Amino acid sequence: MPKMSPVPDEVSQGFWDACNEGRLVVQSCNACSWLQHPPRPECYNCGSTDSVWREMSGRGKIHGYCTMYDSRIRALQEHQPFIIAVIELEDAPEIKMFSHLPGTPVDDNVPVGATVEVVYEDTKGSDQKVAEWKVVS
Amino acid sequence: MASTEWFQTDRYRAKEGLGVWEHKGKAAIAGLGNSPTTRRWDGDLSTSLGAWAILAAERALDDAGITKDEIDGVVSCPQGMGDEWGAERGYFAAPYDTEDGLSGVSAHWLVKNMGLENVKTTYHAPGCMSTALVAGAEVVGSGEAKTILVIRGTGNMPGRYHQTPGDTVGGPQQWTNPWGWQLIPQIAFGFDQYCRKYGSNHDRMAPFVLNQRRNGSMFPEGFYYQNRPDDLNLTVDDYLASRWICKPMNINDCDLPIQTAGAFLITTGERARQMKKKPVYILNHVQQRGVVRSSLETLDETEEFSLSIAKKCYEGSGLTASEVDVFNPYDGFTLFTQSFLEGFGWHGVKHGEAHDFYGDDIRVEGPHPFSSSGGNNGNGRTRWWGFYDSVQQLRGEAGARQVQIKAETAIAGAFTPQISDWLVLGTSPD
């Protein structure tokens, strides 16, 4: 589903660059190993500004979802209703990302708990790709 | 007075472990005022937010039985909740030659245009009347000012509002807007998580929503009472057939944006005892600004935030859950109100029990008169009806809404479990 294109900034550039390369990364603190997403200038846990990008497996599961019928986001309105799922990463369940679950029917049977795999989607406003998630059949 | 400072962040009571509020019972709410309500502003300056803020303030003065000469402070939440009027539509002659007075009302705008000549203290508080009220409680409680007006105008301009155009997005929304994640999905998702954890479903919200409308039918200051009484006759079938906004949230779980202004007069307990109405003492004020781990709030975080709010309210006032008579937590989306009910443990409600409680007798005449104001859902979007009703209940002036149980203490607050401000009120300062 065509989405708004994220505009990377100093803190997020590494994440979005990795998406363009087909890799999923999460910011990891070099001082305490804390993982956080979205990335921040400082570690939420210890305050350190020293971090690296840790590559994730690209697998996760559906933590929960809702179904949008009347979005404020104009770029998405023509695709209503659509699923907004929350994905928790297999490697780090505390890290959550969003997904429209491409390929999953928009009904009341969205398989919460099902395993998903990352894919990378084009976006509307630039060449930036974003991470999306598909249910593993 | 051409500008106003934000109230100092370190004066909000935002942490656990602060003990009983050092100014407990020193400040009291002695006046209430609300302007009329309407769905949208039509461009008539006599119904602008500024004009209506002055009207609400005058009504609060009348309610307290004092004149404007006695006002020495003003605290305002200067932002409305809708879009701006916008320069492209063209401004008007002074004092409507800027946005101030049209889409929001600053403290200095009120001081100047109401002719409050003895005001020495003004503050702004962001986001919510609730934030202005807790700031006002501290201003008077600490002795910084003696008799103040706390105001907010909240408007609704013509047309759809808060639409998000564009094909690119930076800043914090780069993580959310591509997927359409904003506040509404957050609340809908959180409610779905709640139902999965505790084995409930959206249909079980109907008794609460219908009761909010019923309470609104007894609230003469409210939007529906004044403008759309038929909407207060919502049936279970109507509710269950309502169009989805973000399933499991439907249109009747959402509050209706309106145009109105409200004012609360806060003074010292000593002075309040000489005014016209029975004083309603402020026993504590609390702020919640929860930090979430990720781009979203998990159910665990929501429950943690609500428990923290309750803990702070109880600790600072010295009250326990069983001593809270009137309880008006926020309902601007009905789907998170259960978190407050369970976090506070009002009437013994524990996690997962709110929907059973809603199915019990929560009418104002009954033993569990939950949210006796009817909230935003029953009265339109202001975020202050719960405070307004709590004062009226403790005065014994809530009319047809007057609860039949004892009404000597009250707790009211808005907005969400993550971001909200709360007052604990009592008929006694102790």
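These numbers were taken from a predicted model, which means no experiment stands behind them.

> Would you mind showing me how to read the interface of chain B and chain A here?
Interfaces are often sized by the accessible area lost when the parts come together. The interface is formed by 39 residues belonging to chain B together with 46 residues belonging to chain A. Taking both sides of the interface into account, the surface hidden between chain B and chain A amounts to around 4,000 Å²; carbon and sulfur atoms contribute 58%. Of all residues in chain B, Trp175(B), Trp179(B) and Arg293(B) give up the largest surface area on contact with chain A, accounting jointly for 24% of the area buried on that side. Taken together, the connections running from chain B to chain A amount to 4 salt bridges. Among the ionic pairs, Arg243(B) bridges to Asp70(A), the shortest N-O distance being 3.1 Å. The interface formed by chain B and chain A holds 23 residue pairs in polar contact (both at pLDDT 80 or more) in total. Mapped onto the side of chain B that touches chain A, the elements with two or more residues apiece are strand S5 (168-169), helix H4 (183-198) and strand S6 (244-247) of chain B. In terms of residue count, the dominant contributor to the side of chain B that touches chain A is H4(B) (7 residues). In the side of chain B that touches chain A, the residues fall into 17 nonpolar, 15 polar and 7 charged.

> In this structure, what is going on with the sheet that holds strand S2 (residues 25-29) of chain A? I would like to understand it.
All names here are of chain A. Pairing is antiparallel in the open sheet, where 3 strands are placed in the order S3-S2-S4. Edge positions in the sheet fall to strand S3 (35-36) and strand S4 (51-55), since each of these pairs with one other strand and no more. Judged from the 5 bridges that link them, S2 and S4 form a sheet pairing that is antiparallel. Paired with valine 25 across the two strands is glutamate 55, which belongs to S4.

> Sorry if this is basic, but what is going on with the nonpolar core here?
Across soluble globular proteins, nonpolar side chains show a tendency to be buried alongside one another. All names here are of chain B. If you look at the biggest cluster of nonpolar residues, it comprises 124 residues, and the most contacted ones within it are Leu149 and Leu265. Counting residues per element, this core draws most heavily on helix H1 (residues 49-64), which supplies 10 residues. In this structure, Ala137, Tyr224, Tyr388 and Leu423 belong to the second largest nonpolar core, which totals 44 residues.

> What is the right way to read the side chain of Ser35(B) from this model?
For Ser35(B), the location among the structural elements is in the loop between strand S1 (27-34) and H1. Contact partners of Ser35(B), with chain neighbours within four places excluded, come to Trp52(B), Leu55(B), Ala56(B), Arg59(B), Thr260(B) and Ala261(B).

> Would you take a moment to explain the domain arrangement of chain B for this structure?
Residues and elements named next belong to chain B. Here chain B is described as being made up of domain 1 (9-156 + 259-272) and domain 2 (182-252 + 284-430). At the junction of the two partners, domain 1 supplies 40 residues and domain 2 supplies 35 residues. Summed over both partners, the interface of domain 1 with domain 2 buries about 3,100 Å², with 60% contributed by carbon and sulfur atoms. Put simply, domain 1 and domain 2 have 2 salt bridges between them. At the boundary of domain 1 and domain 2, one finds 21 residue pairs in polar contact (both at pLDDT 80 or more).

> Is there a simple way to explain the pattern of salt bridges in this structure?
Close approach of charged atoms allows side chains with opposite charge to pair. Residue and element names in this part refer to chain B. Summed over all chains, the structure comprises 30 salt bridges over all chains. Of the charged contacts, one joins lysine 406 and aspartate 325 as a salt bridge, the two residues approaching to 3.2 Å between their closest N and O atoms. Placement of lysine 406 in the loop between helix H13 (385-395) and strand S11 (409-415) and of aspartate 325 in the loop between helix H9 (299-317) and strand S10 (326-328) is noted, with a sequence separation of 81 residues between them. One salt bridge connects aspartate 389 with arginine 401, and the closest N-O pair in it is separated by 2.7 Å. Of this pair, aspartate 389 sits in helix H13 while arginine 401 sits in the loop between H13 and S11, placing them 12 residues apart in sequence. Exposure class is identical for aspartate 389 and arginine 401. Each is buried. Look at the salt bridges and you will find they share partners, linking Asp63, Lys277, Arg395 and Glu397 into a network.

> Before we go on, may I ask you to explain the environment of Glu315(B) in this structure?
Residues and elements named next belong to chain B. Within the fold, glutamate 315 resides in helix H9. Residue classification places glutamate 315 among the partly exposed positions, given a relative accessible area of 28%. Linking glutamate 315 and lysine 197, residues 118 residues apart in sequence, is a C-alpha distance of 29 Å. In this structure glutamate 315 touches Glu16, Gly17, Leu18, Gly19 and Val20, once residues within four positions along its chain are discounted. A distance of 3.5 Å separates a polar atom in the side chain of glutamate 315 from the backbone nitrogen of leucine 18.

> Just checking my understanding: could you explain unusual backbone geometry for this structure?
Trans peptide bonds make up the majority, and among non-glycine residues the majority have a negative phi. Residues and elements named next belong to chain A. With an omega dihedral of 0°, the bond running from histidine 37 to proline 38 counts as a cis peptide bond. With respect to the helices and strands, proline 38 occurs in the loop between S3 and S4. Residues other than glycine seldom take positive phi values, yet serine 33 does so here, at roughly 70°. In this fold, serine 33 is placed in the loop between S2 and S3. The phi dihedral of leucine 101 falls on the positive side, at around 50°, and the residue is not glycine. For leucine 101, a relative accessible area of 1% translates into the label buried.

> Got a minute to help me understand the sheet that holds strand S9 (residues 280-289) of chain B in this structure?
The strands that make up a sheet pair up through hydrogen bonds in the backbone, lying either parallel or antiparallel. Residue and element names in this part refer to chain B. Taken together, the 9 strands give an open sheet; going across it, the order is S3-S2-S4-S8-S1-S9-S12-S11-S10, and neighbouring strands pair in mixed fashion. In the strand order of this sheet, the two ends are held by strand S3 (121-124) and S10, each with one partner. If you compare each strand with its neighbour and ignore which way they point, the axes differ by 25° on average. Here S1 runs beside S9; their pairing, made up of 2 bridges, is antiparallel. Along S9, the bridge assignment pairs isoleucine 29 with valine 280. With respect to the sheet, helix H3 (residues 129-141) is in contact with S1, strand S2 (73-77), S3, strand S4 (147-154), strand S8 (260-268), S9, S11 and strand S12 (419-426), its orientation differing from that of S8 by roughly 20°. Where helix H10 (residues 337-344) meets the sheet, it contacts S10, S11 and S12, and its direction lies at approximately 145° from that of S10.

Cut-off values and rules
- Residues numbered from 1 in each chain as written.
- Chains lettered and ligands numbered in written order.
- Predicted model: local features only at pLDDT ≥ 70, side-chain atom pairs only at ≥ 80, totals over all residues.
- Heavy atoms only, no water.
- Contact = heavy atoms within 4.5 Å.
- Buried area = accessible area lost by both parts, 1.4 Å probe.
- Salt bridge = Lys/Arg side-chain N within 4 Å of Asp/Glu carboxyl O.
- Polar contact = N/O pair within 3.5 Å; in protein donor to acceptor, adjacent residues only side chain to side chain.
- Helix = DSSP H or I, 4+ residues; strand = E, 2+ residues; numbered from the N terminus.
- Nonpolar A, V, L, I, M, F, W, Y, C, P; charged D, E, K, R; others polar.
- Pairing = 2+ DSSP bridges.
- Core = buried A, V, L, I, M, F, W, Y, C linked by side-chain atoms within 4.5 Å.
- Buried < 20%, exposed > 50% of the residue type's maximum accessible area, 1.4 Å probe, protein only.
- Domains from an automatic or database assignment.
- Axes fitted to C-alpha atoms, helices over the stretch in contact; angles between N-to-C directions.

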